[in-house]
Amino acid sequence: MSRRRVVFAALAVLALAGCAEVGYYWQSAAGHLALMRAARPVPEVLQDPATSEALKAKLELTQRIRRFAVAELGLPDNPSYKAYADLHRPAAIWNVVAAPPHSLTLKTWCFPVAGCVGYRGYYDQAAARAEAAALSAQGLEAAVYPVPAYSTLGWMNWAGGDPLLSTFIGYPEGELARIVFHELAHQVLYVPGDTTFNESYATAVERIGGARWLQSQASEAARLEYAQFDGRRQQFRALAAHTRQVLSDIYASKEAQAGDWAAVDARKKAAMDDFRQRYAALRAGWSGPRQGAYDAWVARANNALFGAQAAYDELVPGFEALFDREGRNWPRFYAAVKRLARLPKDERMQALGAGDAVAPAARRPTEEPNHPSRQGGPGA
């Protein structure tokens, strides 16, 4: 990349970060540019004698997944996911989330174009932990979690796009396909300031697309591997959703309304203890690889982590129902989602929750442009 292009890329990444703090600007720009510099075209990596056979097989698989995404799911055909970067670290970025001690509502950070989002991303884990510690000192419940992939929403395709990363290339075939579908879905549509809408939409695309990939392209062994992987995830998500509802009820209870925080805290502790006991029972029934995949999450579970997880699940059934109503036709589905995105936030949330997700033509204002930021700017 030329010096001129590096400068332009730096300016673009600073816009993605959208933060008034110079230090945060710099880590966002430097982190993303380092990731871009590490990326090499997939054909080059495949021809490198130092590349392991296992990595070659995964990279070849991703290119088949990439072509499938375009041909079968109507996702963008552009430079993204046609290069590979070995980051030599376990995550692309680390997200910081925070919430009050008696609420699942996340603290938000506002960016000039991306709007307000409930996370802040760091390329350095120590910096993320320092931010979480500062938030905890303010009386919030804070947490840091690793993010394996993020999307720049197509805004960096001129500079090579979003690369495949070492942080997720080793995932099972079905999960690898879903990650690519999820991140490309964000390049189709992004609504500034509405994390739940954006993530639930992309999760619906990855679920529907991933199921189609497994059914039509994957081997029986890959389908069985994914069935075990996803089965455990669905069990865990159901348990987490149950606990979120219990906590929400506690925070809206008569004790909370009366300001009896000792009673609220006692009920909260009982709910968290029950969550961990139920998880231990679930885990005891698992065996083989990734048996302890959720151990770290459960150990540090708090309001912030429960609040963050909700963004990926809450509206997924509504988007899946919309896909069915649009005849399981991808162009029609994307058009319907864009119509929803033009509605005021409360109306689109109500439409998806009520199952009436097609925006009436009489209520379609001018479409807002997509914005290049996701999960902590550039985000995940």
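The structure presented is a predicted model; accordingly, all values stated were derived computationally and were not measured.

## Focus on the packing of aromatic side chains
Inference 1: Summed over the entire model, instances satisfying the criterion amount to 22 aromatic pairs.
Inference 2: Aromatic pair Phe68 and Trp213: ring centres 5.2 Å apart, planes at 85°, arrangement edge-to-face. You can see Phe68 sitting in helix 4 (residues 53-73) and its partner Trp213 sitting in helix 7 (residues 195-216), a full 145 residues away along the chain.
Inference 3: Overall, Phe68 belongs to the buried group, its relative accessible area being 6%.
Inference 4: For Trp213, a relative accessible area of 2% corresponds to the buried category.
Inference 5: When the ring centre of Tyr24 is taken as reference, the NZ or CZ atom of Arg120 above it lies at 4.1 Å.
Inference 6: Stacked on the ring of Phe197, the Lys or Arg Arg348 has its end atom at 5.4 Å from the ring centre.

## Points about the sheet that holds strand 3 (residues 93-99)
Inference 1: The sheet built from 3 strands is open, its strands ordered 6-3-7 with antiparallel pairing. One side of each edge strand has no neighbouring strand; the edge strands of this open sheet are strand 6 (120-122) and strand 7 (141-147). With direction set aside, neighbouring strand axes in the sheet form an average angle of 25°.
Inference 2: Of the pairings in the sheet, the one linking strand 3 to strand 6 comprises 3 bridges and is antiparallel in character. For Val96, the partnering residue across the bridge sits in strand 6 and is Arg120.
Inference 3: Of the strands in this sheet, strand 3 and strand 7 touch helix 12 (residues 303-313), which is tilted by about 50° from strand 7.

## Topic: the environment of Leu340
Inference 1: Relative to the assigned elements, Leu340 resides in helix 14 (residues 330-341).
Inference 2: With 12 residues separating them in the primary sequence, Leu340 and Leu352 have C-alpha atoms 8.8 Å apart.

## Considering the sheet that holds strand 1 (residues 39-41)
Two modes of strand pairing occur in sheets, parallel and antiparallel, and in both the strands are linked by backbone hydrogen bonds.
Inference 1: Ordered by their spatial adjacency, 3 strands build an open sheet running 1-2-8, and the pairing between neighbours is mixed. The sheet is open, and its two edges are formed by strand 1 and strand 8 (164-165), each paired on a single side.
Inference 2: Pairing analysis gives 3 bridges linking strand 1 to strand 2 (residues 83-85), with the strands arranged antiparallel. Its bridge partner lying in strand 2, Ala39 is registered against Ala85.

Rules used in this analysis
- Residues numbered from 1 in each chain as written.
- Predicted model: local features only at pLDDT ≥ 70, side-chain atom pairs only at ≥ 80, totals over all residues.
- Heavy atoms only, no water.
- Phe/Tyr/Trp six-rings, centres within 6.5 Å; stacked < 30°, edge-to-face > 60°.
- Helix = DSSP H or I, 4+ residues; strand = E, 2+ residues; numbered from the N terminus.
- Buried < 20%, exposed > 50% of the residue type's maximum accessible area, 1.4 Å probe, protein only.
- Lys NZ or Arg CZ within 6 Å of the ring centre and 35° of its normal.
- Pairing = 2+ DSSP bridges.
- Axes fitted to C-alpha atoms, helices over the stretch in contact; angles between N-to-C directions.
- Contact = heavy atoms within 4.5 Å.

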